[in-house]
Structures are given as C-alpha cells and as structure tokens.
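What follows is each chain in one-letter form.
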Amino acid sequence: MSLLGSGIFKGMAVTLKNFVGSYFDKERLTTKEYAWRTNDKLPEKAGDYPKEEAEQLSDTTTVTHYSRNFPMLLHDQGEPMDTVRCVACQICERECPPQCIYIEKSTDKKERSGNKAQFYPAKFDIDVSVCMSCQICVEVCPFDAIVMNSQFELSTPDRFGGLLLRRDDLLKSNDYYHKIHPEEAAARDKRIADEKAAKEAKKKAAEAAKKKAAEAKAKAEAEAKAKEEAEAANKPTETSEIPSAEPPATSSTQPEKEESAE
Ligand code: SF4
Ligand code: SF4
C-alpha cells in the first residue's frame, strides 16, 4: 500500500533529477517525445508530434471518441465553401462566453447543397488561445454547422497568429467528423434526417390540406353559380307580370274638356 500523496514526491523527484541532469546532459533539455528531432524545431502540426516516424499520427487521430478540443466548421460532400453549413447567423459569436469568435457575414447569398440561397461566412475566426472548449457555440448553432474537433497537437511558437484559426483552417468535412466522433456524428446525421423527413411530411400535409380546401371552395362556388342560374331561368319576365298604370289615350277627351270650359 502506497502512502497517500507519495506520487507527488515521486514526480517531483523525476523533475529534480532532470533539472540537475540538464546541466550535464544536453538530451535532458528537451522533452523525451521530441528527442528524436535533429533540427531542434518544435512540432508545428499533428504529423510532427510522434516520437518515431513510424508512429506518425494522422489528422484524424483522436484521444477518445468523446474527447473535444476546439470547434471546427462542418461542410458536406464537395467543395468546402460550396457545401459549408454555416449561414453566418452570428448566434455562436454572440453566445461565446469569452468572445473568441469573429464572423463577417457575406454581402451576397449563395445556394448550397440544393438548399435555398443563404449568406455565408466571409470571415470566421476563432482565437483558440482564448477558447475554453465549453461547446456553447455547438449547443446554440441552429444549423449543425459547428462541432468540436479533437485535434490535440496545436502547439506553436507563434502564440498570437498561430493560435488564431481562420475560416479555411476550421473547415472540416462531415466524413472527418464521422472519423473522429463516429457515434456523435451518426446521431447528429440521424436527427437531421428525421427532422428533414418530418418537415417534408408536414409540408406535404399542408399542401394536401390547401388543395382540398381549394377544391371544396371551387365546388361550393360552382354550386352557388348553378343555383343562381336556375333561379334566373325560373323568374317571370317584367312585361308579362306588371300591368300598365296609364289609361289608353282617347281622341275624344280634349274636345270634351274644351266644351265644359265654355
Ligand atoms: S467552445 Fe466555448 S469558448 Fe470556444 S468558441 Fe465555442 S463558445 Fe467560445
Ligand atoms: S456556426 Fe452556426 S451559429 Fe455560428 S454563425 Fe454559423 S450557422 Fe450561425
């Protein structure tokens, strides 16, 4: 049984050993993982990280399927900017607690993946030196356009420009998302497909109801018109019904009046 807290002292002992040893052995100046390097450069991308060349990590290497690091922007099959899901609504920008997202909405709209024309992000930057990986941007996005990446090797000697990820650095395909988070991506795709099917069914039902209402209206109008026509046909004509109020003029009336005046 080890004493509580003994691990801390063991770790400190290793650190002390390396600290003192670094004055005598140059190898101890660098972290073991990077010791294979001959050019003394820090790693710049995932492929630079492994201890041995044979252990090269691919872009889709992930710690676990549930790990997350910084956000990325999803696009569907095809050219990234032709299929990017983000419509630059800026909700994530407003909701990000440390305000590390910067978006510029396009001035024009374009049609993507057969959907109606929408705005797109002319600029979309995330300062990952500020991002706290809270995933709030993912939660609030109504378009399933932003999800968490799990790429973990982002160390760079350029602490400002190197940690400001631009739109094109953030764009990743849905296939990539399936590789790093298979369960989450499959669940998201299923939900999107279900929502789309429900929306289409609702649209079809609304169209059917509208068509039915229009047919009923047309039928009612036709019936009313037929009734009107039938009534008009049965109505007697004015000349045969109303007798003339004027008595017929006689040629003897005028001379009679003249005689009585005399
Ligand atoms: S993960 Fe959190 S901190 Fe990082 S960009 Fe998204 S909302 Fe902002
Ligand atoms: S990522 Fe989502 S929430 Fe953020 S601007 Fe794009 S569509 Fe809107």
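Because the structure is a prediction, the values reported are computed rather than measured. (Residues numbered from 1 in each chain as written. Chains lettered and ligands numbered in written order. Predicted model: local features only at pLDDT ≥ 70, side-chain atom pairs only at ≥ 80, totals over all residues.)

1. What to know about the overall build of the chain
- Scanning the chain from N- to C-terminus turns up nine helices and six strands.
- In the chain, which comprises 262 residues, the share counted as buried stands at 14%. (Helix = DSSP H or I, 4+ residues; strand = E, 2+ residues; numbered from the N terminus. Buried ≥ 20, exposed ≤ 12 C-beta atoms within 10 Å, placed from the backbone.)

2. Considerations on the sheet that holds strand S1 (residues 71-75)
- Pairing is mixed in the open sheet, where three strands are placed in the order S4-S1-S6. Single-partner strands in this sheet number two, and they are strand S4 (146-148) and strand S6 (171-173). Averaged over neighbouring strand pairs, the angle between their axes works out to 50 degrees when direction is ignored.
- When S1 meets S6, the two strands line up parallel, connected through three bridges. By the bridge assignment for S6, leucine 74 is matched with lysine 172. (Pairing = 2+ DSSP bridges. Axes fitted to C-alpha atoms, helices over the stretch in contact; angles between N-to-C directions.)

3. Structural notes on the site of ligand 1
- Neighbouring ligand 1 are 14 residues, the closest being Cys96, Cys131, Cys134, Ile136 and Cys137.
- Here the residues of the shell around ligand 1 are counted per class, giving twelve nonpolar, two polar and no charged. (Near = placed C-beta within 6 Å. Nonpolar A, V, L, I, M, F, W, Y, C, P; charged D, E, K, R; others polar.)

4. Considering the pairing of strand S3 (residues 121-127)
- By the bridge criterion, five bridges tie strand S2 (residues 101-105) to S3 in an arrangement that is antiparallel. Its bridge partner lying in S3, isoleucine 103 is registered against phenylalanine 124.
- Alignment of S3 against strand S5 (residues 164-165), held across two bridges, turns out to be antiparallel. Across the sheet, residue aspartate 127 finds its bridge partner in S5, namely leucine 164.

5. A closer look at the site of ligand 2
- All residues adjacent to ligand 2 are Cys86, Val87, Ala88, Cys89, Gln90, Ile91, Cys92, Ile103, Cys141, Phe143, Ala145 and Ile146.
- Residue classes in the shell around ligand 2 are distributed as eleven nonpolar, one polar and no charged.

6. Examining the environment of glutamate 183
- The residue glutamate 183 is located in helix H7 (residues 182-234) in this model.
- On a C-alpha basis, the gap between glutamate 183 and histidine 65 in space is 7.8 Å, while along the polypeptide they are 118 residues apart.

7. Thoughts on the environment of arginine 94
- Within the secondary structure layout, arginine 94 lies in helix H3 (residues 91-95).
- You can call arginine 94 exposed: it has 12 C-beta atoms within 10 Å.
- Remark: the alpha-carbon pair of arginine 94 and valine 140, spanning 46 residues in sequence, is separated by 10.0 Å.

8. Focus: the sheet that holds S3
- One open sheet holds the three strands; their spatial order is S2-S3-S5, and the pairing between them is antiparallel. In this open sheet, the two edge strands, each paired with only one partner strand, are S2 and S5.

9. With respect to the environment of alanine 117
- On the secondary structure map, alanine 117 appears in the loop between S2 and S3.
- A count of 10 C-beta atoms within 10 Å places alanine 117 in the exposed class.
- It is 9.6 Å that separates the C-alpha atoms of alanine 117 and valine 87, two residues lying 30 residues apart in sequence.

Structural measurements only, silent on function.
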